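What follows is each chain in one-letter form.
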Amino acid sequence: EAGVAQSPRYKIIEKRQSVAFWCNPISGHATLYWYQQILGQGPKLLIQFQNNGVVDDSQLPKDRFSAERLKGVDSTLKIQPAKLEDSAVYLCASSTGPSGANVLTFGAGSRLTVL
Amino acid sequence: GDSVTQMEGPVTLSEEAFLTINCTYTATGYPSLFWYVQYPGEGLQLLLKATKADDKGSNKGFEATYRKETTSFHLEKGSVQVSDSAVYFCALTDNAGKSTFGDGTTLTVKP
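What you see is a predicted model, and the numbers here were worked out from it, not measured in a lab.

A.B. asks: With reference to specific residues and values, describe the packing of aromatic side chains.
C.D. replies: Considering all chains together, one arrives at 11 aromatic pairs over all chains under this definition. When the ring of A:F65 is compared with that of A:Y90, the centres are 6.3 Å apart and the planes differ by 45 degrees; the resulting orientation is tilted. Here A:Y90 lies in strand β9 (residues 88-95) and A:F65 lies in strand β7 (residues 65-68), a separation of 25 residues in the sequence. You can call A:F65 buried: its relative accessible area is 3%. You can call A:Y90 buried: its relative accessible area is 0%. Both rings, one in A:F106 and one in B:F101, keep their centres 6.0 Å apart while their planes meet at 75 degrees; by these two values the pair is edge-to-face. Placement of A:F106 in strand β10 (residues 105-106) and of B:F101 in strand β11 (residues 99-101) is noted, with the two residues assigned to different chains. Considered together, A:F106 and B:F101 belong to a single accessibility category, that of buried residues.

Okay, structure coming up:
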């Protein structure tokens with residue numbers, strides 16, 4: 001089966017600019033996650049979707065970050081305006097459902113550099 | 001909130017050496033526990049998992065046992081290979097599907 005697709009793989013922007021990342025999960029996976037991974041740290045959850053509804057966005061900096069999952073399939077994560085501390089890899093993952101036992105399948109990630 | 005603490009790296013071993021990477025967790029309820037691995041140039045992928053106390057997860061010669069009494073899930077392998085060089089992440093997932101990761105341990109195996 002096809003994996004989790006993400007784009008772009010790399011993005012370099014100036015601070016205060018905007019950027020958007022796209023994710024296409026594994027077909028049939030109802031749960032989609034966006035994680036932020038800063039160099040040397042583990043992934044940190046930004047937002048979790050179940051189909052096209054938000055389950056958890058408690059750690060999403062809502063003054064600058066937004067995410068949507070229209071039609072319960074693809075998702076986009078937007079940052080506007082970007083700050084230097086947003087430099088990180090943004091990981092998209094999906095699973096069959098929100099059960100704790102379900103395994104996450106990750107995409108390759110989108111590496112953002114903010115100058 | 002939930003948290004995961006891994007032993008700090010990097011860890012450097014010779015081929016065929018014994019590996020232990022410590023992982024302890026703090027959680028409310030009864031989470032599932034996972035080890036994910038990131039090989040150079042690749043994305044995060046599942047290595048093994050355990051969903052309840054005393055379960056042992058195993059894959060590719062790696063093992064980890066869910067120890068509720070010590071809130072631990074230590075990763076072990078009896079004889080590492082150069083191809084095991086990677087970053088290893090311990091993680092827990094609660095019943096709502098929210099995952100919390102440790103900061104990763106970099107393993108380098110030298111021939």
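Having seen it, we continue.
A.B. asks: Got a sec to walk through unusual backbone geometry? Specific residues and values, please.
C.D. replies: In this chain, A:S7 is followed by A:P8 through a cis amide linkage whose omega measures -10 degrees. Cis geometry is adopted by the peptide bond preceding B:P10, which originates at B:G9 and carries an omega value of -10 degrees. Along the chain, the position of B:P10 falls in the loop between β1 (3-6) and β2 (11-14). Although it is not a glycine, A:N51 sits at a positive phi angle of roughly 55 degrees. Mapped onto the elements, A:N51 comes out in the loop between β5 (44-50) and β6 (53-56). Judged by its relative accessible area of 39%, A:N51 falls in the partly exposed class. Residues other than glycine seldom take positive phi values, yet B:T71 does so here, at roughly 45 degrees.

Quick notes on the rules
Residues numbered from 1 in each chain as written. Chains lettered and ligands numbered in written order. Predicted model: local features only at pLDDT ≥ 70, side-chain atom pairs only at ≥ 80, totals over all residues. Heavy atoms only, no water. Phe/Tyr/Trp six-rings, centres within 6.5 Å; stacked < 30°, edge-to-face > 60°. Helix = DSSP H or I, 4+ residues; strand = E, 2+ residues; numbered from the N terminus. Buried < 20%, exposed > 50% of the residue type's maximum accessible area, 1.4 Å probe, protein only.

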